[in-house]
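# Topology and contacts: notes
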Amino acid sequence: MESITEGVNNINIADSYKKNRIQVSNTKKPLFFYVNLAKRYMQQHNEVELSALGMAIATVVTVAEILKNNGLAVEKKITTSTVDIKDDSRGRPVQKAKIEIVLGKTANFDELMAAAAAEDGENGDAEEPSA
């Protein structure tokens, strides 16, 4: 019993929870919420991992393509798999498709973000910093 407790205490929680992972849902937030969040994560961590299950996969792919087409991101890794999720109504596990896309900053990411911020400032769309 002690060895089990020791093993549980030694589990590295940082592996299961990544600070730069965005888990995308296709019902909760609008598309550009995820685009802007991914930009912010790339500014902070130099890369972002977009993750989704089932029907939300299309949203993740769209977010990644928007970032790539705007010259902000490059694909580093794409992983697909299936996961078993327990369905309470059926009482048995259901398999769902899963995708993980890791995007990194492009060489001119910071320049593009600065230009966009300057453009927003000129148009009066810049957010006021909170005190």
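Rules of the game
Residues numbered from 1 in each chain as written. Predicted model: local features only at pLDDT ≥ 70, side-chain atom pairs only at ≥ 80, totals over all residues. Heavy atoms only, no water. Helix = DSSP H or I, 4+ residues; strand = E, 2+ residues; numbered from the N terminus. Buried < 20%, exposed > 50% of the residue type's maximum accessible area, 1.4 Å probe, protein only. Contact = heavy atoms within 4.5 Å. Areas by Shrake-Rupley, 256 points an atom, 1.4 Å probe, with all protein chains shown as cover. Phe/Tyr/Trp six-rings, centres within 6.5 Å; stacked < 30°, edge-to-face > 60°. Lys NZ or Arg CZ within 6 Å of the ring centre and 35° of its normal. Pairing = 2+ DSSP bridges. Axes fitted to C-alpha atoms, helices over the stretch in contact; angles between N-to-C directions. Core = buried A, V, L, I, M, F, W, Y, C linked by side-chain atoms within 4.5 Å. Salt bridge = Lys/Arg side-chain N within 4 Å of Asp/Glu carboxyl O.

### Focus on the overall build of the protein
Along the backbone of the protein there are 5 helices and 4 strands. Across the protein, helices and strands are ordered from the amino to the carboxyl terminus as α-α-β-α-β-α-β-β-α. Burial statistics for the protein: of 131 residues in total, 26% are counted as buried. Look at the contacts in the protein between residues 6 or more apart in sequence, and 67% of them connect residues 24 or more apart. Total accessible area computed for the protein in this model is approximately 9,400 Å², and 49% of it derives from carbon and sulfur atoms.

### Side note on the packing of aromatic side chains
Taken as a whole and judged by the stated rule, the model has 1 aromatic pair. Arranged with centres 5.3 Å apart and planes meeting at 80°, the rings of Phe33 and Tyr34 form a pair that is edge-to-face. Directly above the ring of Phe33 sits Lys29, whose terminal nitrogen or CZ lies 5.1 Å from the centroid.

### Some points on unusual backbone geometry
Residues apart from glycine generally show negative phi values, whereas peptide bonds are mostly found in trans. With a phi close to 70°, Asn46 is a non-glycine residue in the positive phi region. When you line up the elements, Asn46 lands in the loop between helix H3 (31-45) and strand E2 (47-53).

### What to know about the sheet that holds strand E3 (residues 73-87)
Taking strand neighbours across the sheet as the criterion, the 4 strands line up as E1-E2-E4-E3 in an open arrangement whose pairing is mixed. Each edge of the open sheet carries a strand with a single partner, namely strand E1 (21-24) and E3. The sheet shows a mean angle of 20° between the axes of neighbouring strands, taken without regard to direction. Relative to strand E4 (residues 92-105), E3 runs antiparallel, the two sharing 14 bridges. For Thr82, the partnering residue across the bridge sits in E4 and is Ala97.

### Comments concerning the nonpolar core
Of all hydrophobic cores here, the largest spans 25 residues; its most connected members are Ile22, Val48, Leu50, Ala52, Val60, Leu67 and Leu103. Elements with a minimum of two residues in this core: E1, H3, E2, helix H4 (57-69), E4 and helix H5 (109-123). Residue contacts for Leu103: discarding those within four places in its chain leaves Met42, Asn46, Glu47, Val48, Leu50, Ala64, Leu67, Ala73, Val74 and Glu75.

### Concerning the pattern of salt bridges
Going through the model one piece at a time under the given rule, you end up with 7 salt bridges. Notably, a salt bridge pairs Glu75 with Lys68, separated by 2.4 Å at the nearest N-O pair. For Lys68, a relative accessible area of 26% translates into the label partly exposed. Linking Asp110 and Lys105 is a salt bridge whose minimum nitrogen-to-oxygen distance equals 3.4 Å. Several salt bridges converge on common partners, so that one network encompasses Arg21, Glu49, Lys98 and Glu100.

### Looking at the environment of Ile66
Locating Ile66 in the fold gives a position in helix H4. The exposure class assigned to Ile66 is buried, which follows from its relative accessible area of 18%. Each C-alpha atom, one on Ile66 and one on Phe32, is 9.4 Å from the other, the two residues being 34 residues apart in sequence. Apart from residues lying up to four places away in sequence, Ile66 is in contact with Leu31, Phe32 and Val35.

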